[in-house]
Amino acid sequence: MPADEPEFDTGVALYERVRERLGWYPTADVDVLVVGGGIQGLLLLNELSDRGYATALVSNAPLGSGQSFDWPGTLSKGYLDPDPEQRRTVAERWLPFAEGEHVPVAGGEWYVCSTDHPYRYLPPQWDEGGYEYDERGIDGLPEIYRDGTIFAKGSGEHVTAVDEYAIDREALVRALADGHEERIVVGDIAEFAFTDGAGSPPALDGLTVETHEDLTVEFDPDYVVAATGTGTHGLVDSLVGADGFAESGGDPERVRESISPVTYRNVLVLAVRGPATDLPAVSAYLPHKGMSVVARRHRHREENYVTWYVTNDTATDEVAPVEATDDATGTLDPEQVEVGYNKLFELAPAVKDRAADGADIEFYAYAALEQRIDGESTRHLATSLDGLANVGVALPSGAAGVWVATDETLDYVSNAVDPSGPVDGVPTGGNPPIGRLADDRPGARWLDWKALGVRYPRVQNRPDAVER
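Residues numbered from 1 in each chain as written. Predicted model: local features only at pLDDT ≥ 70, side-chain atom pairs only at ≥ 80, totals over all residues. Heavy atoms only, no water.

Novice: An account of the overall build of the protein is needed here, citing residue identities and associated values.
Specialist: Of the regular secondary structure elements, the protein holds 13 helices and 17 strands. Over its C-alpha trace the protein gives a radius of gyration of 24 Å, about what one expects of a compact globule, namely 23 Å for 468 residues. With respect to the principal axes defined by its C-alpha atoms, the protein has extents near 70 × 60 × 40 Å. Within the protein, the proportion of its 468 residues that are buried is 53%. Pairs at least 24 apart in sequence give 75% of the contacts found in the protein among residues at least 6 apart. When the accessible surface of the protein is summed, it comes to about 20900 Å², and 45% of that surface belongs to carbon and sulfur atoms. (Helix = DSSP H or I, 4+ residues; strand = E, 2+ residues; numbered from the N terminus. Rg over C-alpha atoms; globule rule 2.2 N^0.38 Å. Buried < 20%, exposed > 50% of the residue type's maximum accessible area, 1.4 Å probe, protein only. Contact = heavy atoms within 4.5 Å. Areas by Shrake-Rupley, 256 points an atom, 1.4 Å probe, with all protein chains shown as cover.)

Novice: Quick rundown of a negative patch on the surface? Include the residues and the values.
Specialist: A cluster of acidic residues, Asp188, Glu191, Glu210, Glu213, Asp214, Asp243, Glu247, Asp326 and Asp327, forms a negative patch on the protein surface. For Glu247, the position within the fold is in the loop between α8 (232–240) and α9 (252–258). (Patch = residues over 30% accessible without salt bridge, like charges linked within 9 Å, V, L, I, M, F, W, Y side chains within 5 Å. Salt bridge = Lys/Arg side-chain N within 4 Å of Asp/Glu carboxyl O. Lys, Arg positive; Asp, Glu negative; His and termini not counted. Charge placed at Lys NZ, Arg CZ, Asp CG, Glu CD.)

Novice: Tell me what's going on with helix α4 (residues 84–100), and back it up with residues and numbers.
Specialist: The α-helix winds at 3.6 residues per turn, so residues separated by three or four positions along the chain end up facing the same way. Here α4 contains 17 residues, and its C-alpha end-to-end distance of 23 Å stays within 8% of the 24 Å for a straight helix at 1.5 Å per residue. Where α4 is concerned, the buried positions are Gln86, Arg87, Thr89, Val90, Trp94, Phe97 and Ala98. The secondary structure elements touched by the buried residues of α4 are α2 (39–50), β3 (105–106), α6 (122–129), β7 (166–167), α7 (169–177) and α12 (399–414). Remark: His102 follows α4 within two positions and exhibits a positive phi of approximately 60°. (Expected span 1.5 Å × (residues − 1).)

Novice: Explain the confidence of the model for the protein to me, and be specific about the residues and the numbers.
Specialist: Per-chain confidence: the protein averages 92 in pLDDT, with 93% of residues scoring 70 or above. Throughout residues 1–10 the model reports pLDDT below 50, and contacts reaching past four residues in sequence, or to other chains, amount to seven contacts. Contacts of residues 462–468 to residues separated by more than four positions or lying in other chains number twelve contacts, the stretch itself having pLDDT below 50. (pLDDT = per-residue confidence, 0-100.)

Novice: Explain the pairing of strand β13 (residues 291–300) to me, using residue names and the numbers behind them.
Specialist: Counting buried positions along β13 yields seven of ten residues, so the element is predominantly enclosed. As paired strands, strand β12 (residues 282–286) and β13 are joined by three bridges and run antiparallel to one another. The partner of Leu286 across the bridge, within β13, is Met291. Counted between consecutive antiparallel strands, the loop separating β12 from β13 contains four residues, among which Gly290 sits at a positive phi close to 70°. Here β13 runs beside strand β14 (residues 303–319); their pairing, made up of ten bridges, is antiparallel. Pairing of Met291 across the sheet is with Asn312, part of β14. (Pairing = 2+ DSSP bridges.)

Novice: Tell me what's going on with the sheet that holds strand β5 (residues 133–135), and back it up with residues and numbers.
Specialist: Spatial strand order, β5-β6-β4-β12-β13-β14-β11-β15: eight strands in an open sheet with mixed pairing. Since the sheet does not close on itself, it has two edges, and those belong to β5 and β15 (362–373), each with one partner. Adjacent strand axes in the sheet meet at a mean angle of 25°, parallel and antiparallel pairs treated alike. Strands in contact with α6 are β4 (109–114), β5 and β6 (158–162); relative to β5, the strand with the most contacts, it is inclined by about 145°. (Axes fitted to C-alpha atoms, helices over the stretch in contact; angles between N-to-C directions.)

Novice: Tell me about the packing of α2 against α7, residues and numbers included.
Specialist: Their axes nearest at 9 Å, the elements α2 and α7 cross at an angle of 30°. It follows that α2 is roughly parallel to α7 by the angle criterion. With respect to the hand of their crossing, α2 and α7 are arranged in left-handed fashion. Side by side, α2 and α7 meet where Ile39, Leu42, Leu43 and Asn46 of the first sit next to Leu172, Val173, Leu176 and Ala177 of the second. Its residues assigned to classes, the contact of α2 with α7 comprises seven nonpolar, one polar and no charged. (Parallel < 35°, antiparallel > 145°, perpendicular 65-115°, else oblique. Left-handed = near helix turned anticlockwise from the far one by under 90°. Nonpolar A, V, L, I, M, F, W, Y, C, P; charged D, E, K, R; others polar.)

Novice: Describe the environment of Gly187, naming the residues involved and giving the relevant values.
Specialist: By the secondary structure assignment, Gly187 is in strand β8 (residues 184–195). A relative accessible area of 1% means that Gly187 is categorised as buried. Separated by 25 residues in sequence, Gly187 and His212 have C-alpha atoms that sit 5.0 Å apart. Excluding residues within four positions of it along the chain, Gly187 makes contact with Val58, Ser59, Asn60, Val209, Glu210, Thr211 and His212.

Novice: How would you explain the pattern of salt bridges if you had to name every residue and give the values?
Specialist: Any two side chains of opposite charge can pair, so long as their charged atoms come close to each other. Taken as a whole, this structure holds 18 salt bridges when the rule is applied. Put simply, Arg354 and Glu143 hold a salt bridge, and the shortest N to O gap is 3.2 Å. Remark: Glu143 occurs in the loop between β5 and β6 and Arg354 occurs in helix α11 (residues 349–356); sequence separation between them is 211 residues. Accessibility expressed as a relative area gives 22% for Arg354, which makes it partly exposed.

Novice: Run through the packing of α4 against α12, naming residues and quoting values.
Specialist: Between two packed helices, what matters for the description is the angle formed by their axes and the separation of those axes. Taken N-terminus to C-terminus, the directions of α4 and α12 make an angle of 85°; their axes are 9 Å apart at the nearest point. The orientation of α4 relative to α12 falls into the category roughly perpendicular. Packed against α4, whose contacting residues are Gln86, Thr89, Arg93, Trp94 and Phe97, the element α12 presents Ala399, Ala400, Val402, Trp403, Val404 and Asp407 at the interface.

Structural data, given as structure tokens:
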């Protein structure tokens, strides 16, 4: 009986399909292989290549997917938890980089609105850390919040303009990937190979990657850096559970202990989208409420629109590492959504009123996983893994941490590997797809005012709202 005819994808060269069918897999011999196609991994690819390392990157999803596109793009200087190093990183690294790469960065109106507690602790720290701010008093409260309950049940009314920015995430990912496309492979790691350490920790000797174009490539790296975000525990479990790891003298618990500071939590994000005339681009930190509103300007329906990303510290839940998803997708709790929108409408009733009066304001709720280090969302972890001779991690937790994690990763890689010169590309590399923002992905169902009340009946949207 004749063999089945191979199916040829027009996006893949015929010789590659023939080679695949015969099992002749190409090998990429590189100094450093970066695993993870988010902002951290792409920045490492840039910096390592610029320093002369033969570097490639493997991503199991379109570039930017996961935390990079779940994050609202805030280049936080740390106004609520002042840290001069975080402020300097934004001012001296992110802003010059964005300008040089022509990545849009929006400033605009940013405020800290707070009662006496915790506000009284902040200005002294801002002064000490060199932060810019302008105390405006209650008269400076943005109009969208003036009829709301921001200062209800609290003493003191403080409204302070601060110097914060949000970066265009899609443009950032495209800028980081520009010129490196042939060094990027999109696929899944299928196999690991190890070298016996002869009494020392084993080394990762090779990886086999099955690309999303049904091709196979083998990597022979001198060093591997995992910039895998919420997929880090999954990757480490795959490593230490792979055939040959224990036989090469590997100790799984020793490796796992290296990432024990890494935890995850489920975060609810409430998105509100509307024309700029109805939904102003006003961002606010409300520390006494545990809430943040980050505004993003963009084009939609050929008009100027604004999207608010609203988060609430009370709408978070710890997630066990074994349950963390590679793509940072969280679990949506409808009751938390209802409570969250009700709180938002109490703080900014004009949003509810304008939507109810027919303005083109829409709503979308999603949940995302947030990586944390030692329980903090602003700390980073960049270190070689104990128990593996040539594998490290770069986990930023926050925009400022990306640069710090990059610097520390470059240090530990340079101590282990000498650069052999950048490579122009690797087999099966090229044309990596770019992901989409969390609120713009297939399946993201935006709700108008009426549909919001149907989907979430306990939201205070109409007189006949249903309590359940």
